[in-house]
Amino acid sequence: MRYLALVLLALYAAPGTLQAQTMIPSLDEPGRKGDLARAAKQRSATQFDATDEDKDGRLSRTEVAKHSRYLTDNFDKLDANKDGYLSWEEFLGHNRWPK
Ligand SMILES: [Ca+2]
Ligand SMILES: [Ca+2]
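Residues numbered from 1 in each chain as written. Chains lettered and ligands numbered in written order. Predicted model: local features only at pLDDT ≥ 70, side-chain atom pairs only at ≥ 80, totals over all residues.

Colleague: Sorry, what's going on with the overall build of the protein here?
Modeller: The helix and strand inventory of the protein stands at seven helices and two strands. Scored against the burial criterion, the 99 residues of the protein give a buried share of 21%. Considering only residue pairs separated by 6 or more positions, the protein has 45% of its internal contacts joining residues 24 or more positions apart. (Helix = DSSP H or I, 4+ residues; strand = E, 2+ residues; numbered from the N terminus. Buried ≥ 20, exposed ≤ 12 C-beta atoms within 10 Å, placed from the backbone. Contact = placed C-beta atoms within 7 Å.)

Put into structure tokens, the structure is as follows:
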């Protein structure tokens, strides 16, 4: 489960090209693609919420360091607006799945 989420994250977080964005199925897409998107979003949300210990809706470097090697190693790359926190969208690497 965790592995799949990371693979999806790694795939989708790859340099945020327009193409990568459009490859992400939207949550209301019917059928298998939508099912996968909804399941992946659910898993991502669970991981995000578990990591967001102070529940301020964003992930600090400290929170990330306790929970994810991947996010720790890629923090600077993922922190698109360089505010020192990962938002839900930055965590996902796209903005097609509103939280
Ligand atoms: Ca937080
Ligand atoms: Ca940020």
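Colleague: Sorry, what's going on with the nonpolar core here?
Modeller: One recurring pattern in soluble globular proteins is that nonpolar side chains are buried together. The biggest cluster of nonpolar side chains holds nine residues, and these are Phe48, Leu59, Val64, Leu71, Leu78, Leu86, Phe91, Leu92 and Trp97. The residues touching Leu86, leaving out its near neighbours within four places in the chain, are Arg58, Leu59, Val64, Leu71, Leu78, Asp79 and Phe91. (Core = buried A, V, L, I, M, F, W, Y, C linked by C-beta atoms within 7 Å.)

Colleague: Can you walk me through helix H3 (residues 31-51) in this structure?
Modeller: The terminal C-alpha atoms of H3, which comprises 21 residues, lie 30 Å apart, in line with the 30 Å expected from a rise of 1.5 Å per residue. Those residues of H3 that sit buried are Ala40, Ser44, Gln47 and Phe48. The buried residues of H3 occupy one face: seen down the axis, they fall within an arc of 100°. Pointing more than 90 degrees away from the buried face of H3 are the exposed residues Gly31, Asp35 and Ala50. (Expected span 1.5 Å × (residues − 1). Arc of directions from axis to C-beta.)

Colleague: Could you clarify how one ought to interpret the environment of Gly34 in this entry?
Modeller: Looking at the secondary structure, you find Gly34 in helix H3. C-beta crowding within 10 Å serves as the criterion here: with 14 such atoms nearby, Gly34 is assigned to the partly exposed category. Along the sequence, Gly34 and Ile24 sit ten residues apart, while their C-alpha atoms lie 9.7 Å from each other.

Colleague: Could you clarify how one ought to interpret unusual backbone geometry in this entry?
Modeller: Among all residues except glycine, the phi angle is most often negative; among peptide bonds, the trans geometry is most common. The backbone of Lys55 shows a phi angle near 55°, a positive value even though the residue is not glycine. Along the chain, Lys55 falls in the loop between H3 and strand S1 (59-60). The class of Lys55 is exposed, set by 7 C-beta atoms lying within 10 Å. Despite not being glycine, Lys82 shows a phi value in the positive range, around 55°. Take Lys82: it is sitting in the loop between helix H6 (75-78) and strand S2 (85-86).

Colleague: What is the right way to read the environment of Asp28 from this model?
Modeller: Tracing the sequence through the fold places Asp28 in the loop between helix H2 (18-23) and H3. It is 8.3 Å that separates the C-alpha atoms of Asp28 and Arg38, two residues lying ten residues apart in sequence.

Bear in mind that shape data such as this cannot, by itself, settle questions of function.
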